[in-house]
Amino acid sequence: MPDTRRGILFGAAAYVLWGSFPLYWPLLEPAGAVEILAHRIVWSALTMAVLMVTLRRTPAVLAVIRDRRTLTILSGAAVLVSINWTTYIWGVNNERVVEASLGYFINPLVTVLLGVFVLGEHLRRLQWCAIGLASIAVVVLTLDYGRPPWVALVLACSFGSYGLAKKKAGVDAVESLAVETAVLAPIAAAYLAFLMITGASNFASHGTPHALLFTTTGIVTAIPLLLFGAAAIRVPLVTLGLLQYLAPIIQFALGVLLFHEAMPAGRWVGFGLVWIALAMLTIETLTHRRRQLRLVIEASAV
């Protein structure tokens, strides 16, 4: 039980940090989303290299690199996570924190759909109802915004696809991120070098404290990942699934209460439909899991 309690604390800490990212990325302005992304990749790659040596995980990373299939999948995952990171940073720095939170609210629903269309899984009735309700929510929000909620949709689809790629790769989170950032680092470093040569870089243009903030992007990326990894081995996946809602809840609260982003009635209706769909999905998942456990216990008792 103490180990489970620590796992819950680790998981909660990871999602609270991820939820607090809207407070961090604006500190790196006036750098744009792509420049911030490039710094995040380079400094994350360096941070992960240090972690690999410290944790003695270098052989595991080299084994992943030597496996052509796994390396190909993780390279695709790297592209997906770079799209996700860029979209999120852009959204946060362009007063779309609430819309960004919507992306992570609907992400579990997108993951379910990917399971159906990519993995050939079958949905149960209440799951289909949740998907239908979420689809209606997207229509309502599209009418309210006067456009589709592109930031939310790109975040949900890219992160859902990223999770699917990670599942197919079957590599631990730390080794996976080390390979992903190593794949992207040369391109990111070349882009940063180009910015410096052309005088368009913001790295050293706004004082030493601002420059040092860029170097923390690697640590900011690694810490919640390590906390999540520590939680994943201590608590059931269902518990982690419930904890994941902490991040978008915090993001939503920051967008509404701190950044004072507009929330007209139509937007509340759209978000309300999403939350109802998530409640339906969560209840159905928990009920199905209890039913499966009961069947296993009854079968073992026979």
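Below is a summary of the structure that appears in this document. This structure is a prediction, so every number in the text was calculated from the model and none was measured.

Turning our attention to helix α9 (residues 173–198). Between the first and last C-alpha of α9 there are 36 Å, a value that for 26 residues agrees with the 38 Å anticipated at 1.5 Å per step. Immediately downstream of α9, the backbone of glycine 199 shows phi near 75°, a positive value.

The subject of this paragraph is the nonpolar core. In terms of nonpolar packing, the biggest core is built from 31 residues, with Ile41, Met48, Met52, Leu74 and Trp85 touching the most fellow members. At nine residues, α9 tops the list of elements feeding residues into this core. The contacts of methionine 52, once residues within four sequence positions are left out, are Arg57, Thr58, Val61, Val174 and Ala178. Leu102, Leu141, Ala156 and Phe252 belong to the second-largest nonpolar core, a separate cluster that totals 30 residues.

Tracing the backbone shows threonine 217 in helix α11 (residues 217–232). A polar contact is formed between the side chain of threonine 217 and the backbone oxygen of histidine 39, at a distance of 3.4 Å. Not counting residues up to four positions away in its chain, the partners in contact with threonine 217 are Tyr24, Trp25, Leu28, His39, Arg40, Trp43 and Ser44.

Basis of the calculations
- Residues numbered from 1 in each chain as written.
- Predicted model: local features only at pLDDT ≥ 70, side-chain atom pairs only at ≥ 80, totals over all residues.
- Heavy atoms only, no water.
- Helix = DSSP H or I, 4+ residues; strand = E, 2+ residues; numbered from the N terminus.
- Expected span 1.5 Å × (residues − 1).
- Core = buried A, V, L, I, M, F, W, Y, C linked by side-chain atoms within 4.5 Å.
- Buried < 20%, exposed > 50% of the residue type's maximum accessible area, 1.4 Å probe, protein only.
- Contact = heavy atoms within 4.5 Å.
- Polar contact = N/O pair within 3.5 Å; in protein donor to acceptor, adjacent residues only side chain to side chain.

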